[in-house]
Amino acid sequence: MAVRERRRQVARIGVVMGSESDRPTMEEAARVLAEFGVPCEMVVRSAHRTPEATARWAREARGRGLRVIIAGAGGAAHLAGTIAAHTRLPVLGVPLASSPLGGFDALLATVQMPPGVPVGTLGVGAWGAKNAAHLALRILAVEDAALARRLEQHAADRAGRGARRGG
Ligand code: C2R
């Protein structure tokens, strides 16, 4: 895909994180999306520190063109759940290992949502960020045949390399 064409694309995936300090880990998700030529909108919002702005961002997400949201936060990670309360887009949660509890706190806070307000929760840290991006791409690929072909090609290439490392 030509670079110019890619620039004109509307972001279909939103990557939101609880703090600027989460950015290095959440960049892993953005890197995977970039590898597949799918642009994302990347922002910092906090259910705790900027609750109004977080709710607004989530409510307006679909109208801006987003189709899947990836939300990463550490500690008492209420961000993904709060986003899921304000939008009916699929929300993928990435628990981050930023607190002294090493991410187990964020995992429980993200995964154990009440029925009817789902957050699809990935693994802790960089693995989760990468897999959130891969899962978001698979969700988009349900309706995007060109992207589905790129995912198939990627899987075939990886198999060809002997699955020595992930991505
Ligand atoms: P600072 O480094 O800014 O003190 O943040 C962030 O995701 C970060 O990992 C420390 C940690 O606090 C988390 N945080 C949340 C939320 N907002 C910030 N879990 C939230 O809304 O859930």
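Look above for the structure.
What you see is a predicted model; the values in this text were computed from it and never measured. (Residues numbered from 1 in each chain as written. Predicted model: local features only at pLDDT ≥ 70, side-chain atom pairs only at ≥ 80, totals over all residues.)

**Student:** What am I meant to see in helix 2 (residues 23-35) here?
**Tutor:** Because each turn of an α-helix spans 3.6 residues, side chains separated by three or four positions end up pointing in the same direction. Spanning 13 residues, helix 2 covers 18 Å between terminal C-alpha atoms, matching the ideal 18 Å at 1.5 Å per step. Within helix 2, burial applies to Thr25, Met26, Ala29, Ala30, Val32 and Leu33. On its buried face, helix 2 is in contact with strand 1 (13-17), strand 2 (40-44), strand 3 (68-74), strand 4 (91-96) and helix 6 (126-141). Backbone geometry just after helix 2 places Gly37 at a positive phi near 70 degrees. (Helix = DSSP H or I, 4+ residues; strand = E, 2+ residues; numbered from the N terminus. Expected span 1.5 Å × (residues − 1). Buried ≥ 20, exposed ≤ 12 C-beta atoms within 10 Å, placed from the backbone. Contact = placed C-beta atoms within 7 Å.)

**Student:** I would appreciate a short explanation of the pairing of strand 2 in the present structure.
**Tutor:** For a regular strand, the rule is simple: side chains alternate between the two faces of the sheet. Taken together, the five bridges between strand 1 and strand 2 define a ladder with parallel strand orientation. Paired with Val16 across the strands is Val43, a residue of strand 2. Taking the sense of rotation as the criterion, the β-α-β connection linking strand 1, helix 2 and strand 2 turns out right-handed. (Pairing = 2+ DSSP bridges. Right-handed = clockwise from strand over helix to strand, strands pointing away.)

**Student:** Help me understand the packing of helix 3 (residues 51-64) against helix 4 (residues 79-86), please; the structure alone is not making it clear to me.
**Tutor:** The angle between the axes and the distance between the axes are what describe a pair of packed helices. Where helix 3 contacts helix 4, the axes come no closer than 8 Å and their chain directions differ by 50 degrees. Considering their axes alone, helix 3 and helix 4 lie oblique with respect to each other. Where helix 3 crosses over helix 4, the handedness of that crossing is right-handed. Residues Thr54, Ala55, Ala58 and Arg59 of helix 3 form the contact with helix 4, whose own contacting residues are Thr82, Ile83 and His86. In the contact of helix 3 with helix 4, the residues fall into three nonpolar, three polar and one charged. (Axes fitted to C-alpha atoms, helices over the stretch in contact; angles between N-to-C directions. Parallel < 35°, antiparallel > 145°, perpendicular 65-115°, else oblique. Left-handed = near helix turned anticlockwise from the far one by under 90°. Nonpolar A, V, L, I, M, F, W, Y, C, P; charged D, E, K, R; others polar.)

**Student:** Would you mind showing me how to read the pairing of strand 4 here?
**Tutor:** With six of six residues buried, strand 4 lies mostly within the body of the structure. By the alternation rule, side chains of strand 4 split into Val91, Gly93 and Pro95 and Leu92, Val94 and Leu96, which are all buried. One ladder, built from six bridges, connects strand 3 with strand 4; its direction is parallel. The partner of Gly74 across the bridge, within strand 4, is Leu96. Pairing between strand 4 and strand 5 (residues 120-121): two bridges, direction parallel. Along strand 5, the bridge assignment pairs Gly93 with Thr121. For the crossover that starts at strand 4, traverses helix 5 (residues 104-111) and ends in the parallel strand 5, the hand is right-handed.

**Student:** What's the story with the packing of helix 6 against helix 7 (residues 145-160) in this structure? I'm lost.
**Tutor:** Relative to each other, helix 6 and helix 7 sit at 135 degrees, their axes nearing to 8 Å. If you check the angle between helix 6 and helix 7, you find them oblique. Contacts between helix 6 and helix 7 involve Leu137, Arg138, Leu140 and Ala141 from the first element and Leu147, Ala148 and Leu151 from the second. Broken down by class, the residue content of the contact of helix 6 with helix 7 amounts to six nonpolar, no polar and one charged.

**Student:** Teacher, can you tell me more about the environment of Arg150 here?
**Tutor:** Summarising the element assignment, Arg150 is placed in helix 7. Each C-alpha atom, one on Arg150 and one on Leu137, is 10.0 Å from the other, the two residues being 13 residues apart in sequence.

**Student:** What is the right way to read the sheet that holds strand 5 from this model?
**Tutor:** Strand order in this open sheet of five strands is 2-1-3-4-5, and the pairing throughout is parallel. The strands lining the two open edges of the sheet, one partner per strand, are strand 2 and strand 5. Across the sheet, helix 2 is in contact with strand 1, strand 2, strand 3 and strand 4; its angle to strand 1 comes to roughly 170 degrees. Helix 4 rests against strand 1, strand 3 and strand 4 of the sheet, and its axis sits at about 150 degrees to strand 3.

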